[in-house]
Amino acid sequence: AGPVADRRIQRTRALLHEALGSLIREKPYDRITVAEILDRAQVSRSTFYIHFKDKDELLASSMRALLLGVLSAGDEARPDAAERMVAFSLPLLTHIHQHRRSGKVKLGERGRGILHEHLRRALSEWIVETLAGDLPTHRSRRSITPELLARHVASTFVLVLHWWLDDGAMRSPREADELFRALVMPVLRSPYP
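Not measured: the values here are computed from a predicted model.

In this structure, Phe88, Leu92, Phe157 and Leu188 are the most contacted members of the largest nonpolar core, which totals 50 residues. Within the residue set of this core, elements represented by two or more residues are helix H1 (3-24), helix H2 (34-41), helix H4 (55-73), helix H5 (81-86), helix H6 (89-102), helix H7 (108-131), helix H8 (146-166) and helix H9 (173-189). In terms of residue count, the dominant contributor to this core is H8 (10 residues). Setting aside anything within four residues of it in sequence, one finds Phe88 in contact with Leu71, Leu123, Trp126, Ile127, Val153, Phe157 and Phe180.

So, in structure tokens, the structure goes:
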């Protein structure tokens, strides 16, 4: 595929991401149909299924795109691996906070669970792919692998996010970030006995 085909693919995916995002602001995720996404994006059913098997896969793709956008916007040099592993937290919490204030996202309980699971997976993958060379390793038989450490960080972030949202996001994104850091930094900085 040449540059024109690549741009067309990116444009189609962007239209589908935007359509899903706008629908999520209007109704619970559970009640959104692929037909509504197609109508909003002005994309054919066959084109949709070339890119995604279902709306959950589209949501996962949207999460990865969001994550990359948020992370590239706040891309700054961090002094050490532990700091680089948690660098996503404050920009992502700030992004979520801004969207909550600008209009309620209507995920519904199942939708929120699906969204958080895709976010956990996307964060885990990002940590492993981006920071694999930086991840602390341990040489004992009970080694904490980079994948396990990434899952721990991502799962803890989603746990804090869920708690923060349930609390009505009464605390600032910075306060939520500090709580997340308090939970993961001791593990990231420990020598893993």
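For the rest of this paragraph, the subject is the packing of H1 against H2. In contact at an axis separation of 8 Å, H1 and H2 are set at 115° when each is read in the N-to-C sense. Judged by the sense of rotation from one axis to the other, the crossing of H1 with H2 is right-handed. Along the contact surface, H1 presents Leu15, Leu16, Ala19, Leu20, Ser22 and Leu23, while H2 presents Glu36, Ile37, Arg40 and Ala41. By residue class, the composition of the contact of H1 with H2 is seven nonpolar, one polar and two charged.

With that settled, the discussion passes to the side chain of Thr12. Mapped onto the elements of the fold, Thr12 is located in helix H1. What Thr12 contacts, discounting residues up to four positions off in sequence, is Val43, Thr47 and His51.

The rules we used
- Residues numbered from 1 in each chain as written.
- Predicted model: local features only at pLDDT ≥ 70, side-chain atom pairs only at ≥ 80, totals over all residues.
- Heavy atoms only, no water.
- Core = buried A, V, L, I, M, F, W, Y, C linked by side-chain atoms within 4.5 Å.
- Buried < 20%, exposed > 50% of the residue type's maximum accessible area, 1.4 Å probe, protein only.
- Helix = DSSP H or I, 4+ residues; strand = E, 2+ residues; numbered from the N terminus.
- Contact = heavy atoms within 4.5 Å.
- Axes fitted to C-alpha atoms, helices over the stretch in contact; angles between N-to-C directions.
- Left-handed = near helix turned anticlockwise from the far one by under 90°.
- Nonpolar A, V, L, I, M, F, W, Y, C, P; charged D, E, K, R; others polar.

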